[in-house]
Amino acid sequence: MGFFRHDEKQKSYAIIGLGRFGTALAIELSKSGEEILVMDADEERVNELRDYTEHAFVVQHIDKKTLMETGVQNCDVAVVCIGSQMDISILTTLHLTSLSVPRVIAKATSAEHGDILERLGAEVVYPERDMAVRLAKRLLSSKILNYIELSEKIDISKVVIPNDFVGKRIVDINLRKKYGLNIIAIEHGEEMITNVDPEYRFDNGDVIYVLGNKVEFGEFENAVL
């Protein structure tokens, strides 16, 4: 029996390909309470996911008819996690876009692979590259604790404040005016402050979450961190 949405307010996700990336993604989405549909040619991998969803399908040959039978067209988001078999990845992405799945995301293993997927209408992710970039940023600066790429131009960075910030107010530092960056949250000890007051005075050990353009963050990093 194919997948049908039970709750119109809840998003539903199809995960196609249950390697390490696809399996981890499916489990995390399920733990967050989302409806998921999963499929793979490997029966053992599919069986491992049956604890997380009743919509787990063993699919030996992915074509448009088979995809429709699983009900993937009823999902809000479909993620193609097939990386090693580029031809299958491309054909699966083509079928999903032709089935008018609202949002198709596809894993790419090379720039050429990603370019083809983008031309088919998919959003492209590069898991290995993105993890490498995040690790490099953490290694290159002891102040940068984490990094999230929202788009090709925009990042969120988790940063330990430099010593020069201690005792100063946000309005005095004025990252928005100087670098076009926005402080969207502050970790103050055990407290997470999300309603950021311009009059807040930084304390030693504070951590800030900064949203902004990559180029502008680079200027801030070179000047301050």
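Being a predicted model, the structure only gives us computed values, none of them experimental.

K.L.:
So, the overall build of the chain: which residues are in play, and what are the values?
P.N.:
Scanning the chain from terminus to terminus reveals nine helices and 11 strands. Counting the 225 residues in the chain, one finds 41% classified as buried. Considering only contacts within the chain whose residues lie at least 6 apart along the sequence, 55% involve residues at least 24 apart. A total of about 12,800 Å² of accessible surface is found on the chain, and carbon and sulfur atoms cover 50% of it.

K.L.:
Outline the environment of Arg176, supporting the account with residue identities and numerical values.
P.N.:
Structurally, Arg176 can be placed in helix α8 (residues 175-179). Arg176 sits in the exposed class, given a relative accessible area of 60%. The sequence separation of Arg176 and Gly212 amounts to 36 residues, and the corresponding C-alpha distance is 9.1 Å. Excluding anything up to four places from it in sequence, Arg176 contacts Leu181 and Asn182. Side chain to side chain, Arg176 and Asn182 meet in a polar contact 2.6 Å long.

K.L.:
With reference to specific residues and values, describe helix α1 (residues 20-31).
P.N.:
Taking 1.5 Å as the rise per residue, α1 with 12 residues should run 16 Å; its terminal C-alpha atoms sit 16 Å apart, in good agreement. Buried within α1 are the following residues: Gly22, Thr23, Ala26, Ile27, Leu29 and Ser30. Buried positions in α1, seen along its axis, are confined to an arc of 165 degrees and lie on one side of it. Projecting away from the buried face of α1 at angles above 90 degrees are the exposed residues Arg20 and Lys31. Each element contacted by the buried residues of α1 is listed here: β1 (12-16) and β2 (35-40). Gly33 occupies a position one or two residues after α1 and carries a positive phi of about 90 degrees.

K.L.:
Please set out the sheet that holds β2 residue by residue, giving values where relevant.
P.N.:
Across the sheet, six strands lie side by side as β3-β2-β1-β4-β5-β6; this open sheet has parallel pairing. Sheet topology places β3 (56-58) and β6 (123-125) at the edges, where each strand pairs with a single neighbour. Going from strand to strand, the sheet's axes swing by 15 degrees on average, the running direction of each strand aside. Here β1 runs beside strand β4 (residues 77-80); their pairing, made up of four bridges, is parallel. Directly across from Ile16, in β4, lies its bridge partner Val80. α1 rests against β1, β2, β4, β5 (103-107) and β6 of the sheet, and its axis sits at about 160 degrees to β1.

K.L.:
Tell me about the pattern of salt bridges, and please be specific about residues and values.
P.N.:
Summed over all chains, the structure comprises seven salt bridges. Note that Glu187 and Lys158 form a salt bridge whose closest N and O atoms lie 3.4 Å from each other. Highlighted residues: Glu187 in strand β9 (residues 182-188) and Lys158 in strand β8 (residues 154-160), separated in sequence by 29 residues. By relative accessible area, Glu187 is classed as partly exposed at 21%. Overall, the relative accessible area of 21% leaves Lys158 in the partly exposed class.

K.L.:
Hey, could you go over the packing of helix α4 (residues 86-98) against helix α5 (residues 111-119) for me, with residue numbers and the actual values?
P.N.:
If you want to describe how two helices pack, look at the angle between their axes and the distance between the axes. Contact pair α4 / α5: the axes reach a minimum separation of 9 Å and the direction vectors enclose 15 degrees. In terms of orientation, α4 lies roughly parallel with respect to α5. The way α4 lies across α5 gives a crossing that is right-handed. In this structure, α4 contributes Met86, Ser89, Ile90 and Thr93 to the contact, and α5 contributes His113, Ile116 and Leu117. Classifying every residue of the contact of α4 with α5 gives four nonpolar, three polar and no charged.

K.L.:
Got a sec to walk through α5? Specific residues and values, please.
P.N.:
Restricting attention to buried positions, one finds in α5 the residues His113, Gly114 and Leu117. The buried side chains of α5 occupy one side of the element, clustering within an arc of 95 degrees when seen end-on. Facing away from the buried side of α5 by over 90 degrees, the exposed positions are Ala111, Glu112 and Arg119. Along its buried surface, α5 packs onto α4, β5 and β6. Of the residues flanking the end of α5, it is Gly121, one or two places downstream, whose phi is positive at about 100 degrees.

Parameters and conventions
- Going along each chain's sequence as written, the residues are numbered from 1 onward.
- Side-chain atom pairs in this predicted model are given and counted only at pLDDT of 80 or more, local residue features only at pLDDT of at least 70, and totals for whole chains, interfaces and linings cover all residues.
- Hydrogens are left out, water is left out, and the side-chain values use all remaining heavy atoms of the structure.
- Think of it this way: any DSSP run of H or I at least four residues long counts as a helix, any run of E at least two long counts as a strand, and we number them from the N terminus.
- Exposure categories follow from relative accessible area, calculated using a 1.4 Å probe and restricted to protein chains: below 20% of the type maximum is buried, above 50% is exposed, and the middle band is partly exposed.
- For this analysis, residues touch if any pair of their heavy atoms sits within 4.5 Å.
- In this description, accessible areas are obtained by the Shrake-Rupley approach with a 1.4 Å probe, and a residue is regarded as covered only by the protein chains that are shown.
- We call two N or O atoms a polar contact when they sit within 3.5 Å, provided that within protein one can donate a hydrogen and the other can accept it, with sequence-adjacent residues counted only if both atoms are side-chain atoms.
- To estimate the expected span of a helix, subtract one from its residue number and multiply by 1.5 Å.
- The directions considered for the arc are those from the helix axis to the C-beta atoms.
- In short, DSSP must find at least two bridges between two strands for them to pair.
- Only the stretch in contact is used when fitting a helix axis, every axis being a line fitted to C-alpha atoms; angles between N-to-C directions are given from 0 to 180 degrees.
- Any Lys or Arg side-chain nitrogen found within 4 Å of a carboxyl oxygen on Asp or Glu counts as a salt bridge.
- Should an angle lie under 35 degrees it is considered roughly parallel, over 145 roughly antiparallel, and from 65 to 115 roughly perpendicular; all remaining angles are considered oblique.
- Working rule for handedness: look at the near helix, and if it is turned counterclockwise from the far one by less than a right angle, call the crossing left-handed; if clockwise, right-handed.
- Side-chain classes follow a simple rule in which Ala, Val, Leu, Ile, Met, Phe, Trp, Tyr, Cys and Pro form the nonpolar group, Asp, Glu, Lys and Arg form the charged group, and the remainder, Gly included, forms the polar group.

This is a description of form; function is not addressed.
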